[in-house]
Amino acid sequence: MNPQAKLIFIISLFLGTTITISSNHWVMAWTGLEINTLAILPLISKSHHPRAVEAATKYFLVQATASTLVLFSSMTNAWYTGQWDITQLTHSTSSLILTAAISMKLGLAPFHFWFPEVLQGSPLTTGLLLSTVMKFPPITLLFMTSQSLNPSLLTILAILSVAMGGWMGLNQTQTRKIMAFSSIAHLGWMTIILIYYPKLTLLNFYLYAMMTAAVFLTLNSMKVLKLSTLMTAWTKAPSLSTILLLTLLSLAGLPPLTGFLPKWLIIQELTKQDMAPAAMIISLLSLLGLFFYLRLAYCATITLPPHTTNHMKQWHTNKPINPSIAVLTTLSIMLLPISPMLATLV
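None of these values were measured; they are calculated from a predicted model. (Residues numbered from 1 in each chain as written. Predicted model: local features only at pLDDT ≥ 70, side-chain atom pairs only at ≥ 80, totals over all residues. Heavy atoms only, no water.)

**Details of helix H9 (residues 175–192)**
It helps to recall that an α-helix has 3.6 residues per turn; residues three or four apart then point in one direction. Our working definition: Here a helix means four or more residues in a row that DSSP labels H or I, a strand means two or more in a row labelled E, and each is numbered from the N terminus. One less than the number of residues in a helix, times 1.5 Å, gives the span that helix is expected to have. Here the term buried applies to any residue with accessible area under 20% of the maximum for its type, exposed to any over 50%, and partly exposed to those in between, with areas from a 1.4 Å probe on protein chains only.
Along its 18 residues, H9 runs 26 Å from first to last C-alpha, staying within 8% of the 26 Å computed at 1.5 Å per residue. When you tally the buried positions in H9, you get 18 out of 18 residues, the bulk of the element.

Given below as structure tokens:
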């Protein structure tokens, strides 16, 4: 792709995100979402592979449907209340339609089926944008309308997302699909706490985006697209493989690492809100996700391929690790000790 064209698409992407997160009017928020969608489409389909074109088409159809529902929801609310302000979503039907629309945009279950397919058809760098930057505008819309949404509906969607993200990720062999189901499960954790403690949703998103960026950049650096490639990648960059192990365990939410922080705070807040059963269900369901993170970690560092002669070993490279990977992985592993400070920020 032409570097100038790529620069224009990246700038448009961040412009669309900025417009949506800084707007108070529904039409401006919708405009930002549309700019975002149009900017990411060329980045998805840049390889001209049939799978990439299919992914771009699926993404366009789903996002166009969701944007239409966002506009329909805001117009219905304006019709009944005379308000175009995002925070004044008081009509019950409008809030239900908006919940469905944002769930579709984010890839929350049961509207999640498009996300793994789109991620599988995209390059790893575009997959990173789809999993992090593209999720930010819809999350901020949910944050701004959180007081108007239905708690029971969001709890059901959240538990369903964690369950589907865990179950459907169990038998995957493609790293991008595993990261897609991981994203669906993490969105469930963000959604369940949204109404009771909206700032905690944002903290969870920031930490999730940081850990996911670290994993995607590491996989991209090692050129790993499936588990069988990951098994032989340790010869190429042993230090990166070791760092990947720790980052994956952090994404799984194991205690000494950064990923444990949002889960701990969410479970604590849910029990304060007398939602101990929901906290217990979502915690048990996250064990499904832990299984495929452990499998990824096992393939990355702990196992050797069964028939070593059949595998082409990759040459060991002395190329230094990308500084952004170093910074992101350090943060993904070591932020838990400063959790009291992070808790005071939210």
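**Let's talk about the side chain of Thr 17**
Quick note on the threshold: Any pair of residues with heavy atoms lying within 4.5 Å of one another is described as a contacting pair.
With respect to the helices and strands, Thr 17 occurs in helix H1 (residues 3–22). Sequence-distant contacts of Thr 17, defined by excluding residues within four places in its chain, comprise Asn 36, Val 133, Phe 136 and Pro 137.

**Topic: the domain arrangement of the protein chain**
Rules: Residue ranges assigned to the domains are those given by an automatic or database domain assignment. The buried area of a pairing is the accessible area, by a 1.4 Å probe, that goes missing from both parts when the two are put together, added over both. By salt bridge we mean one thing: a side-chain nitrogen of Lys or Arg within 4 Å of a carboxyl oxygen of Asp or Glu. Pairs of N or O atoms are called polar contacts if they sit within 3.5 Å, as long as, within protein, a hydrogen donor faces a hydrogen acceptor (for residues adjacent in sequence, only side-chain-to-side-chain pairs). Gly is put with the polar residues, along with every residue not named as nonpolar or charged; the nonpolar set is Ala, Val, Leu, Ile, Met, Phe, Trp, Tyr, Cys and Pro, and the charged set is Asp, Glu, Lys and Arg.
Here the protein chain is described as being made up of domain 1 (1–142) and domain 2 (150–345). Domain 1 and domain 2 are separated by 23 Å when their C-alpha centres are compared. In this complex, domain 1 contributes 27 residues to the contact, which on the side of domain 2 involves 33 residues. Together domain 1 and domain 2 conceal approximately 2,600 Å² of surface at their shared face, both sides included; 78% is due to carbon and sulfur atoms. In this structure, the connection of domain 1 to domain 2 is made through one salt bridge. Salt-bridge contacts for Lys 177 lead to Glu 117; the nearest nitrogen and oxygen are separated by 3.4 Å. Where domain 1 touches domain 2, the interface holds seven residue pairs in polar contact (both at pLDDT 80 or more). Within the side of domain 1 that touches domain 2, the residues separate by chemical class into 15 nonpolar, ten polar and two charged.

**Section: a nonpolar patch on the surface**
Where we set the bar: Exposure above 30% relative accessible area and the absence of a salt bridge qualify a residue for a patch, where like charges join within 9 Å and nonpolar side chains (Val, Leu, Ile, Met, Phe, Trp, Tyr) within 5 Å. Here the open area of atoms and residues is found with the Shrake-Rupley method and a 1.4 Å probe, where only the protein chains shown may cover a residue.
Taken together, the side chains of Val 27, Met 75 and Trp 84 present a nonpolar region at the surface, about 250 Å² in accessible area. Tracing the backbone through its elements, the reader meets Val 27 in helix H2 (residues 26–44). For Val 27, a relative accessible area of 32% puts it in the partly exposed group.

**Some words on unusual backbone geometry**
Cis geometry marks the peptide bond from Ala 109 to Pro 110, where omega comes out at 5°. Here Pro 110 shows up in the loop between helix H4 (92–106) and helix H5 (114–120). Even without a glycine there, the phi angle at Lys 223 is positive, about 55°. Within the secondary structure layout, Lys 223 lies in the loop between helix H10 (198–222) and helix H11 (227–232). You can call Lys 223 exposed: its relative accessible area is 56%.

**Re helix H3 (residues 50–81)**
The terminal C-alpha atoms of H3 lie 46 Å apart, and with 32 residues this matches the ideal 46 Å at 1.5 Å per residue to within 8%. Phi for Gly 82, located one or two positions after H3, is positive at around 75°.

**Quick look at the layout of surface pockets**
Stated formally: Here the term cavity refers to a set of points on a 1 Å grid, laid over the protein atoms alone, in which a 1.4 Å probe fits but cannot get out; the term pocket refers to an open set having protein on both sides within 12 Å along at least five of seven lines, with lining residues being those that place an atom within 4 Å of a point. Grid points are joined across faces, edges and corners, and a volume is the space filled by probe spheres set on the points.
Each pocket or cavity is described by its volume, and for the second largest pocket that value is around 180 Å³. Taken together, Trp 189, Ala 252, Gly 253, Leu 254, Phe 260, Lys 263, Trp 264, Ile 267, Ser 283, Ser 286, Leu 287 and Leu 290 form the lining of the second largest pocket. Those elements giving two or more residues to the lining of the second largest pocket turn out to be helix H13 (260–272) and helix H14 (276–302). Class assignment for the residues of the lining of the second largest pocket results in eight nonpolar, three polar and one charged.

**Description of the side chain of Ser 122**
By the secondary structure assignment, Ser 122 is in the loop between H5 and helix H6 (124–131). In this structure Ser 122 comes out as buried when scored by relative accessible area, which is 1%. Here Val 118 takes part through its backbone oxygen, which lies 2.6 Å from a polar atom of the side chain of Ser 122. Beyond its immediate stretch of four places on either side in the chain, Ser 122 contacts Ile 44, Gly 127, Leu 130 and Arg 176.

**Concerning the pattern of salt bridges**
By the definition in use, this model includes three salt bridges. Linked by salt bridges that have partners in common, Glu 54, Lys 58, Glu 117 and Lys 177 make up one network.

**A few points about the packing of helix H8 (residues 151–169) against H9**
How we decide: Helix axes use the C-alpha atoms of the stretch in contact, all axes being lines fitted to C-alpha atoms, and the angles between their N-to-C directions lie in the range 0 to 180 degrees. Here the angle decides the label: under 35 degrees means roughly parallel, over 145 means roughly antiparallel, 65 to 115 means roughly perpendicular, and every other value means oblique. Left-handed is the label given to a crossing in which the near helix is rotated counterclockwise from the far helix by less than a right angle, and right-handed is the label when the rotation is clockwise.
At a minimum axis distance of 7 Å, the contact between H8 and H9 shows a crossing angle of 160°. Here H8 is positioned roughly antiparallel relative to H9, judged by the angle of their axes. For the pair H8 and H9, the crossing hand works out as left-handed. Contacts between H8 and H9 involve Leu 154, Thr 155, Ala 158, Ile 159, Ser 161, Val 162, Met 164, Gly 165, Met 168 and Gly 169 from the former and Phe 181, Ile 184, Ala 185, Gly 188, Trp 189, Thr 191 and Ile 192 from the latter. For the contact of H8 with H9, the residue count by class is eleven nonpolar, six polar and no charged.

**What to know about the nonpolar core**
Soluble globular proteins: nonpolar side chains tend toward being buried together. The condition is simple: We call a set of buried residues a nonpolar core when its members are Ala, Val, Leu, Ile, Met, Phe, Trp, Tyr or Cys and they connect through side-chain atoms within 4.5 Å of each other.
With 105 residues, the main nonpolar core has Ile 40, Ile 44, Tyr 59, Leu 130, Leu 141, Ile 192 and Leu 230 as its most contacted residues. The biggest single contributor to this core is H10, with 14 residues. Both domains that furnish three or more residues to this core are identified here as domain 1 (1–142) and domain 2 (150–345). Once you skip the residues sitting within four places of it in the chain, Tyr 59 turns out to touch Thr 37, Ile 40, Leu 41, Ile 44, Trp 114, Val 118, Leu 130 and Met 134.

**Brief notes about the environment of Leu 335**
Looking at the secondary structure, you find Leu 335 in the loop between helix H15 (323–334) and helix H16 (339–345). Each C-alpha atom of the pair Leu 335 and Met 134 lies 24 Å from the other, and the pair is 201 residues apart in sequence. Residue contacts for Leu 335: discarding those within four places in its chain leaves Leu 207, Met 210, Thr 258 and Leu 342.

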